[in-house]
Amino acid sequence: MRKELITQMGFKKFLDEFNNLLKIEKPYWVKEKEIAAQFGDRSENAEYISAKEQIRNIDKRLRFLDKIIKNTEAIKTEQLSHEKVNFGSQVTILNLDTNEEKMYIIVGTYETNPNVNMISNKSPLGKTLLNKSKNEEFEFIINNETFVYEILDIKKYNFKVD
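By convention here, each chain's residues receive numbers from 1 onward along its written sequence. Owing to the predicted nature of the model, reporting of local features is limited to residues with pLDDT of at least 70; listing and counting of side-chain atom pairs is limited to 80 or more, with chain, interface and lining totals taken over all residues. As a convention, hydrogens and water are excluded, and side-chain values are obtained from all of the structure's heavy atoms.

Caption draft 1: Here's a closer look at the pattern of salt bridges. Definition used for salt bridges: Asp or Glu carboxyl oxygen within 4 Å of a side-chain nitrogen of Lys or Arg. Enumeration over the complete set of coordinates arrives at 5 salt bridges. Residue Asp16 is joined to Lys12 by a salt bridge in which the shortest nitrogen-to-oxygen separation is 2.7 Å. Here Lys12 and Asp16 lie together in helix 1 (residues 8-37), a separation of 4 residues that amounts to about one turn. Look at Lys12 and you get partly exposed, because its relative accessible area is 25%. Only runs of H or I of at least four residues qualify as helices and only runs of E of at least two qualify as strands under DSSP, and these elements are numbered from the N terminus. Only protein chains enter the area calculation, which uses a 1.4 Å probe; residues under 20% of their type maximum are buried, those over 50% are exposed, and those in between are partly exposed.

Caption draft 2: Seen up close, unusual backbone geometry. Phi at Asn117 takes a positive value of approximately 60°, unusual for a residue other than glycine. One can find Asn117 in the loop between strand 4 (101-107) and strand 5 (118-120). A residue is classified by how much of its surface remains accessible, and Asn117, at 30% relative accessible area, is partly exposed. Unusually for a residue other than glycine, Asn131 sits at a positive phi of about 70°. The residue Asn131 is located in the loop between helix 3 (124-129) and strand 6 (137-142) in this model. With a relative accessible area of 56%, Asn131 lands in the exposed category.

Here is the structure:
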């Protein structure tokens, strides 16, 4: 199976969350469950039921994070060339029909966040942008509608690794 690409920043974020859940959150809720169990009938014990549910949710998230950590390859985007659009590039494009500029950052599937214009390298637009050059014009077709863009700028995006 081919590994999904992820930025070093994204990988660190998932790894930090995994370790926090495993070493801090889960032990806390296990202790809370043990304390609540001492209050008697567990079927009507709200604290016990709540702690048990928290542990179940943490375990579910841990399984998800473990899958991401094991099935991704962290990429040092600062070592990649950004002469052309690449993984970790910040790309500014111009819609030639509306004269509207948009900026996107190319990241891995697990890191996408449309609110801050982080799009997946596997998304339709992300795939179209990859390997394009500055000043290159291209067509992007989605939902049977064609858009014509020009790449105005490509640069390495500076991810903040805490």
